[in-house]
Amino acid sequence: MTVKISQTPELQAFFKTVSGADSDQGSPRAKQLLFRLVNDVARIVEDLEVTDDEFWAAVDYLNRLGARNEAGLLAAGLGVEHFLDLLQDAKDAQAGQVGGTPRTIEGPLYVAGAPLCQGEARLDDGSEAGVATVLFLEGVVRDTEGNPVPGAVVDLWHANTQGTYSYFDSSQTDYNLRRRIVTDAQGRYRARSIVPSGYGCNPEGPTQECLNLLGRHGQRPAHIHYFISAPGYRHLTTQINLSGDKYLWDDFAFATRDGLVGQVVFVDDHQAAQARGLDERFAELEFDFQLQPAVRPAAEQRSHRPRVLQNS
Ligand code: FE
C-alpha cells in the first residue's frame with residue numbers, strides 16, 4: 001500500500017502547527033476547522049494528483065469569486081446551501097421537530113430593513129407598469145395546529161421582470177419589491193406586486209464559469225423569498241417557486257421543494273380586473289404558511305449570516 005505523504009506523522013504535525021496547535025492564542029474552534037480544512041486540501045491534492053497549474057488556477061478562481069461577490073451564489077449553485085437544509089431537516093426529524101412549511105435556501109440577495117407595513121403592502125414602485133403583470137399575493141400564517149398567527153412578520157423579497165433585485169440592481173429604487181408585512185388578527189398578509197421573472201447567474205461571472213466546467217446551466221425559476229417570524233415560533237426561511245416556469249424542477253440552486261410550489265393564476269376577465277382597479281390582465285397567488293413552535297428563544301431568530309444593511 002502506498003503511504004500517503006499528507007498522512008505521515010511529520011505532515012500531520014506540520015498541519016497542526018499550521019493550524020495554531022503550538023499557540024495558546026486564537027480560537028480553538030478556528031484551529032479545529034482549519035486543521036481539518038488544510039488536511040482535506042492536502043488529501044485532495046495528493047489523491048487526485050492535482051497539478052501545480054490546477055492548484056494555482058483554483059487559487060486565482062477564489063480571488064475572482066470574492067472580487068465579484070459571488071461566493072454566496074456558488075454555495076447555492078454547488079448545492080451546499082441546500083445540503084444545510086437537508087442536514088437541518090434530518091436533525092429536526094431525529095428531534096421530533098416536524099410539521100410546518102418546509103424551509104429552503106435564503107440565497108445571497110436579502111436586504112434587511114425593508115419598510116414595515118400592517119396587514120398589507122404594495123411591493124412594486126410602479127416603474128414596470130405596462131410591462132409587468134400585476135400580482136395579488138395573499139395568505140395566512142398558521143401554527144402547526146392550524147390556528148392563525150396574528151402579528152407575524154412576513155418579510156418578502158423578489159426580482160423584477162428583468163430578474164434583478166433592488167439594491168443589487170442600482171437602477172431600481174430602494175427596497176423595490178421588498179417589504180415586511182405584519183399579519184392581521186386573522187393571521188393574514190396581503191400584497192400587491194408584480195409577477196417576478198426567473199434569472200440566471202451572470203454569464204461572465206465566476207459562478208457560471210464553474211457551472212460551465214460541470215456542463216450545468218445557472219438558471220432559477222421565478223420565485224418569491226420569505227422570512228417569517230413571530231414570538232414563540234421558529235423562524236422560517238423559505239421561498240415559493242412559481243408554477244409553469246420551465247426551470248421549476250431544474251433550479252441551479254436546488255431551492256424548489258415539495259410543498260413550496262406557488263400556483264399562479266392569470267386572470268383575463270375584464271370585470272375582475274376592474275374590481276381590482278385595473279384594466280389589464282393580472283395574476284393571483286395564494287400561499288399559506290405554517291410555523292413550528294420555537295423550542296428555545298434563539299430559534300425565533302434567523303441565522304447570523306452576514307447580510308446587506310443587517311442593522312437597519
Ligand atoms: Fe432569488
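Residue positions are counted from 1 within each chain, in the order its sequence is given. Local features are withheld for residues below a pLDDT of 70 in this predicted model, meaning they are given only at 70 or higher, and side-chain atom pairs are given and counted only at 80 or more; totals for whole chains, interfaces and linings count all residues. In computing side-chain properties, one takes all heavy atoms of the structure into account and sets aside hydrogens as well as water.

Now for the sheet that holds strand β10 (residues 236–242). The pairing criterion is simple: DSSP has to find at least two bridges between the two strands. Runs of E in the DSSP output that reach at least two residues are strands. Runs of H or I that reach at least four are helices, and both are numbered from the N terminus. Strand order in the open sheet made by the six strands is β1-β5-β4-β9-β10-β11, with mixed pairing throughout. Each end of this open sheet is capped by a strand with a single partner; those strands are β1 (116–118) and β11 (261–262). Strand direction decides the pairing type here: β10 and β11, joined by two bridges, are parallel. Directly across from Leu242, in β11, lies its bridge partner Gly262.

Attention now moves to the packing of helix α3 (residues 52–67) against helix α6 (residues 206–213). For the pair α3 and α6, interaxial distance at closest approach is 9 Å and the crossing angle is 135°. As judged from the angle between their axes, α3 and α6 are oblique. Across the interface between the two elements, Tyr61, Arg64 and Leu65 from α3 touch Pro206, Thr207, Glu209 and Cys210 from α6. The classification used treats Ala, Val, Leu, Ile, Met, Phe, Trp, Tyr, Cys and Pro as nonpolar, Asp, Glu, Lys and Arg as charged, and all other residues, Gly among them, as polar. Residue composition of the contact of α3 with α6, grouped by class: four nonpolar, one polar and two charged. Fitted lines through C-alpha atoms serve as axes, helices being fitted only where they are in contact, and the angles separating the N-to-C directions of these axes extend from 0 to 180 degrees. Throughout this description, any angle smaller than 35 degrees is read as roughly parallel, any larger than 145 degrees as roughly antiparallel, any in the 65 to 115 degree range as roughly perpendicular, and the remainder as oblique. Contacts are residue-level and defined by heavy atoms, with any inter-residue pair within 4.5 Å sufficient.

When accessible area is computed with a 1.4 Å probe and restricted to protein chains, residues below 20% of their type maximum are described as buried, those above 50% as exposed, and intermediate ones as partly exposed. Here strand β4 (residues 153–158) lies mainly inside the structure; five of its six residues are buried. Two strands pair when backbone bridges link them, and β4 and strand β5 (residues 178–182) are joined in this way by five bridges, in the antiparallel orientation. The residue of β5 that forms the bridge with Leu156 is Arg179. Pairing between β4 and strand β9 (residues 223–229): six bridges, direction antiparallel. When the bridges of β9 are listed, His158 appears paired with Ile224.

These values are about where atoms sit, not about what they do.
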